[in-house]
Structures are given as C-alpha cells and as structure tokens.
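Single-letter residue listing:
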Amino acid sequence: MAPGPGDRRGRPRYATGKDRARRVCAAPRLRPHPDGPEDFRNRLGICGSNADWEHHAIEKQAGTGWYKYHWYCKRHVDHLERVREQLREPNSRAPEPIPNKGGLLPAYFESDWLHAYRHRLGEGWQPPAYGLSADDWPVPGADPVPPRARLRLAALDGTLLVETPGGGR
Ligand SMILES: [Zn+2]
C-alpha cells in the first residue's frame, strides 16, 4: 500500500543518508600506519579507527542543509569537540535541509495536506520550508537552490520584526 498521511514514512521530511554506515575516525594521522603506503589510513592521512555511534560532528551543507557526518574514535574526542565548535557558527547559517523523503501524495492529489499531516502527526508538526509536495523541492545539482532563510519573528516595542539569519530585517 502507498504510504498515506497517517504513515510516518509518507510525511515530507529530510532523512540522513548512508554515510552513517562506515564510521571511521577522520582525525589527521601523524605517523604512517605500519600496513604500508596503500593502506587507506595512509592514503587518506586519517586515523581510521572505528568510531562510536555518538562520536560524530554534523556539518550542514551550505546549499542544501543536508548533513555530512565526521566521525572520531575514542582517542580523538578532543579533536571532535574542536570540530563541533568550529561547525557551530556555519551550521547556524545553513538552510533547513531540503526534504528527500515522502511528499508524494501532495504531488499527485489536491487536498488540505497540512491539516491532514497535523491531524496524524500532531499540531506541532512543521511542514518543510520548501513545501509539502516533493515536486516543489529543489533537486541539488539540477536546480538552483533558492535561498530559504529561516525567518524569526520578534515583537519589539509593539513593532513586529522579521529577522533572517543573515541579519536582514
Ligand atoms: Zn582516531
């Protein structure tokens, strides 16, 4: 059966990719690994040890908002903390991720989809900034990605301000 609005798999959303599968430490290698120059750790110049599930930093891509994972092993937790710190500011400027899952029903059928999704997923459910229909989502590499800054509303002395992450009002 096709996923409907009541099926959580059918909702428009961004789902992270398979780069979570191979979790090897990306910390720079200081000494050559004894397995020789063709070993991936020497070719890539990385530590290459296995990383625990929670030992990653997320880099949000500037154009798409999609996540790139950087993994670190137990010995390189300090390195991980530095990378997380370095990514904090650029990540805050990244756009909301372009959805890559769901959104097919709104592409084919007219309906009050926001109402339908909120009925099933809760009133707090937020639709993607790019729209509910998969047809409306830019395809990275094929479409120019329109700037879709997240807007913030703030009331200041009775005036409603619309603030963008770039600081424009
Ligand atoms: Zn490591």
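Owing to the predicted nature of the structure, the values given are computational and were not obtained by experimental measurement.

Sorry, what's going on with the overall build of the protein here?
Check the secondary structure of the protein and you find four helices and four strands. Start at the N end of the protein and walk to the C end: the helices and strands fall as α-β-β-α-α-α-β-β.

Whenever I open this one, the pairing of strand β1 (residues 56–60) confuses me. Can you help?
Consecutive side chains of a regular strand alternate in pointing toward one face of the sheet and then the other. As paired strands, β1 and strand β2 (residues 67–71) are joined by five bridges and run antiparallel to one another. By the bridge assignment, Ile58 is partnered in β2 with Tyr69. In this antiparallel pair of consecutive strands, β1 and β2, the connection spans six residues, and Gly65 shows a positive phi of 75 degrees.

It is not clear to me how the coordination of the zinc ion should be interpreted in this structure. Could you clarify?
Around a metal, the perfect tetrahedron of four donors has angles of 109.5 degrees, and the perfect octahedron of six donors has angles of 90 or 180 degrees. The zinc ion binds to the protein through Cys25 (SG), Cys47 (SG), Cys73 (SG) and His76 (ND1), with metal-donor distances spanning 2.1 to 2.4 Å. Because the angles between the four donor atoms bound to the zinc ion fall within 104 to 115 degrees, the donor set is best described as tetrahedral.

What am I meant to see in a nonpolar patch on the surface here?
On the surface, Leu104, Tyr108 and Phe109 cluster together to form a nonpolar patch covering roughly 410 Å² of accessible area. You can see Tyr108 is positioned in helix α3 (residues 105–108).

Would you take a moment to explain the side chain of His70 for this structure?
Structurally, His70 is set in strand β2. The class for His70 is buried, based on a relative accessible area of 18%. The residues touching His70, leaving out its near neighbours within four places in the chain, are His55, His56, Ala57, Glu59 and Leu87.

Can you help me understand the pattern of salt bridges in this one?
If the charged atoms of two oppositely charged side chains come close together, the side chains can form a pair. Enumeration according to the criterion identifies six salt bridges in this entry. Across the salt bridge formed by Lys74 and Asp52, the nearest N and O atoms sit 3.2 Å from each other. Note that Lys74 is positioned in the loop between β2 and α2 (77–93) and Asp52 in the loop between α1 (40–44) and β1, a separation of 22 residues in sequence. For Arg88, the salt bridge is made with Glu85, and the minimal N-O distance between the two is 2.6 Å. Here Arg88 pairs with Glu85, and both are found in helix α2, just three residues apart, close to one helical turn. Arg88 sits in the exposed class, given a relative accessible area of 52%.

How should the environment of Ala26 be read in this particular structure?
You can see Ala26 is positioned in the segment before α1. The exposure class of Ala26 is partly exposed, given its relative accessible area of 32%. With residues up to four places along the chain from it excluded, the contact list for Ala26 reads Ile46, Trp71 and Tyr72.

Just checking my understanding: could you explain the environment of Trp66 for this structure?
Of note, Trp66 is situated in the loop between β1 and β2. On the accessibility criterion, Trp66 (27% relative accessible area) is partly exposed. For the pair Trp66 and Ile98, spaced 32 residues apart in the sequence, the C-alpha separation amounts to 7.0 Å. Ignoring any residue separated from it by four or fewer positions in sequence, one finds Trp66 in contact with Tyr14, Glu59, Lys60, Gln61, Pro97, Ile98, Asn100 and Pro140.

So what exactly am I meant to see when it comes to α2 here?
In an α-helix there are 3.6 residues to a turn, and that puts residues three or four apart on one side. Compared with the 24 Å implied by 1.5 Å per residue over 17 residues, the 25 Å span of α2 between its first and last C-alpha is a close match. Taking the largest bend as the criterion, α2 deviates by roughly 35 degrees, centred on Leu87, and proline Pro90 comes between one and four positions later. When we look at burial in α2, the residues that qualify are Leu80, Val83, Leu87 and Asn91. Against β1 and β2 lie the buried residues of α2.

The rules behind these values
- Residues numbered from 1 in each chain as written.
- Predicted model: local features only at pLDDT ≥ 70, side-chain atom pairs only at ≥ 80, totals over all residues.
- Heavy atoms only, no water.
- Helix = DSSP H or I, 4+ residues; strand = E, 2+ residues; numbered from the N terminus.
- Pairing = 2+ DSSP bridges.
- Donors = N, O, S within 2.8 Å, 3.2 Å for Na, K, Ca; no water.
- Tetrahedral: all angles 85-135°; square planar, octahedral: opposite > 155°, others 65-115°.
- Patch = residues over 30% accessible without salt bridge, like charges linked within 9 Å, V, L, I, M, F, W, Y side chains within 5 Å.
- Areas by Shrake-Rupley, 256 points an atom, 1.4 Å probe, with all protein chains shown as cover.
- Salt bridge = Lys/Arg side-chain N within 4 Å of Asp/Glu carboxyl O.
- Buried < 20%, exposed > 50% of the residue type's maximum accessible area, 1.4 Å probe, protein only.
- Contact = heavy atoms within 4.5 Å.
- Expected span 1.5 Å × (residues − 1).
- Bend = angle between axes of the 7 residues up to and from the residue.

On their own, these measurements won't tell you what the molecule is for.
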